[in-house]
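Here's the letter readout for the chains.
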Amino acid sequence: MSLIKSVRGFTPEIGENTYMAENATIIGDVIIGRDCSIWFNTVLRGDVNSIRIGDRVNVQDGTVIHTLYQKSVSIIGNDVSIGHNAVIHGAEVKDGALIGMGAVVLDHAVVGEGAIIAAGSVVLSGTQVEPGSIYAGVPAKFVKKVDPEQSKEINQKIANNYLMYASWFKEK
């Protein structure tokens, strides 16, 4: 069973039909939407400020989402995929975006709708990633625009796959 821990008077809220791996850790001021999946060794640490996760979001293995005390919150939109071992720290990730494996998105950055952050990239504090664009590198920089339909199709396919994967773990 996942570790779900209250702190400072906040108890995590988990939406309907959300799969949480047995060793996922959800702490404090965290609200997770419907049809999400929170995978193995993931930590959503809402001890110092708020974490809000929309619907149909998959937070893959080893990811850490955290914030800065009284200075930043983490907001994840709907239909977002966050790759293995990513770090989201006090940033906003808009609907339909994809955060690649091992990427880091720092405080007050905003990843626009349908944007893709390449694996291993570091999005510096305050960076505004344009909707429908690909950013890559350390620090992450604009690479190119993505066809909006192609981006939506790729990101939606990943999100749907993770709903299917989660169903495998819910079977008895």
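This text gives an overview of the structure that appears in the document. Note that the structure is a prediction, hence the values are computed from the model and not measured. (Residues numbered from 1 in each chain as written. Predicted model: local features only at pLDDT ≥ 70, side-chain atom pairs only at ≥ 80, totals over all residues. Heavy atoms only, no water.)

**Considerations on the overall build of the chain**
For step 1, the next point in the chain: Of regular secondary structure, the chain possesses 1 helix and 20 strands.
For step 2, the next point in the chain: Taking 2.2 N^0.38 as the reference for a compact globule, 172 residues should give roughly 16 Å; the C-alpha atoms of the chain span a radius of gyration of 15 Å, in line with that estimate.
For step 3, the next point in the chain: Seen through its principal axes, the chain has C-alpha atoms that stretch 40 × 40 × 20 Å.
For step 4, the next point in the chain: Out of the 172 residues in the chain, the part that is buried amounts to 49%.
For step 5, the next point in the chain: The long-range share in the chain, meaning contacts at least 24 apart out of those at least 6 apart in sequence, stands at 14%.
For step 6, the next point in the chain: Taken as a whole, the chain presents about 8200 Å² of accessible surface, with 56% of it coming from carbon and sulfur.
For step 7, the next point in the chain: A distance of 4 Å separates the average location of the 15 positive side-chain charges in the chain from that of its 18 negative side-chain charges. (Helix = DSSP H or I, 4+ residues; strand = E, 2+ residues; numbered from the N terminus. Rg over C-alpha atoms; globule rule 2.2 N^0.38 Å. Buried < 20%, exposed > 50% of the residue type's maximum accessible area, 1.4 Å probe, protein only. Contact = heavy atoms within 4.5 Å. Areas by Shrake-Rupley, 256 points an atom, 1.4 Å probe, with all protein chains shown as cover. Lys, Arg positive; Asp, Glu negative; His and termini not counted. Charge placed at Lys NZ, Arg CZ, Asp CG, Glu CD.)

**A closer look at the layout of surface pockets**
For step 1, the next point in the chain: What the largest pocket holds in volume is close to 270 Å³.
For step 2, the next point in the chain: Residue lining of the largest pocket: Asp79, Asp95, Gly96, Glu113, Gly114, Pro131, Gly132, Pro148, Ser151, Lys152, Asn155 and Gln156, and that is the complete set.
For step 3, the next point in the chain: Grouping the amino acids of the lining of the largest pocket by side-chain chemistry returns 2 nonpolar, 6 polar and 4 charged. (1 Å grid on protein atoms, 1.4 Å probe; cavity = no way out; pocket = protein on both sides within 12 Å on 5 of 7 lines; lining within 4 Å. Points joined across faces, edges and corners; volume = space filled by probe spheres on them. Nonpolar A, V, L, I, M, F, W, Y, C, P; charged D, E, K, R; others polar.)

**Digging into the side chain of Ser74**
For step 1, the next point in the chain: With respect to the secondary-structure elements, Ser74 resides in strand β9 (residues 74-76).
For step 2, the next point in the chain: Here Ser74 falls in the buried class, since its relative accessible area comes to 0%.
For step 3, the next point in the chain: Within the structure, Ser74 has its side chain in polar contact with the backbone nitrogen of Gly90 (distance 2.9 Å).
For step 4, the next point in the chain: Setting aside residues up to four positions removed in sequence, Ser74 forms contacts with Ser50, Ile51, Arg52, Ile65, His66, Thr67, Ile88, His89, Gly90 and Ala91. (Polar contact = N/O pair within 3.5 Å; in protein donor to acceptor, adjacent residues only side chain to side chain.)

**Digging into unusual backbone geometry**
For step 1, the next point in the chain: In this model, Val138 is joined to Pro139 through a cis peptide bond whose omega is -5°.
For step 2, the next point in the chain: With respect to the element layout, Pro139 can be found in the loop between β19 (133-136) and β20 (141-145).
For step 3, the next point in the chain: Phi is positive for Asp35, close to 60°, though the residue is something other than glycine.
For step 4, the next point in the chain: Positive phi is not limited to glycine here, since Gln70 has a value of about 60°.
For step 5, the next point in the chain: Along the chain, Gln70 turns up in the loop between β8 (64-66) and β9.

**With respect to the sheet that holds strand β13 (residues 98-99)**
For step 1, the next point in the chain: Ordered by their spatial adjacency, 8 strands build an open sheet running β3-β5-β7-β10-β13-β16-β19-β20, and the pairing between neighbours is mixed. Of all the strands in the sheet, the pair left with one neighbour each is β3 (19-20) and β20. (Pairing = 2+ DSSP bridges.)

**What to know about empty space enclosed by the protein**
For step 1, the next point in the chain: As enumerated under the stated definition, the model contains 1 cavity of 30 Å³ or more in all.
For step 2, the next point in the chain: Every residue along the wall of the largest cavity is listed here: Asp35, Cys36, Ser37, Arg56, Val57, Asn58, Ala159, Tyr162 and Leu163.
For step 3, the next point in the chain: It is helix α1 (residues 148-170) that contributes the most residues to the lining of the largest cavity, 3 residues altogether.
For step 4, the next point in the chain: Its residues placed into classes, the lining of the largest cavity shows 5 nonpolar, 2 polar and 2 charged.

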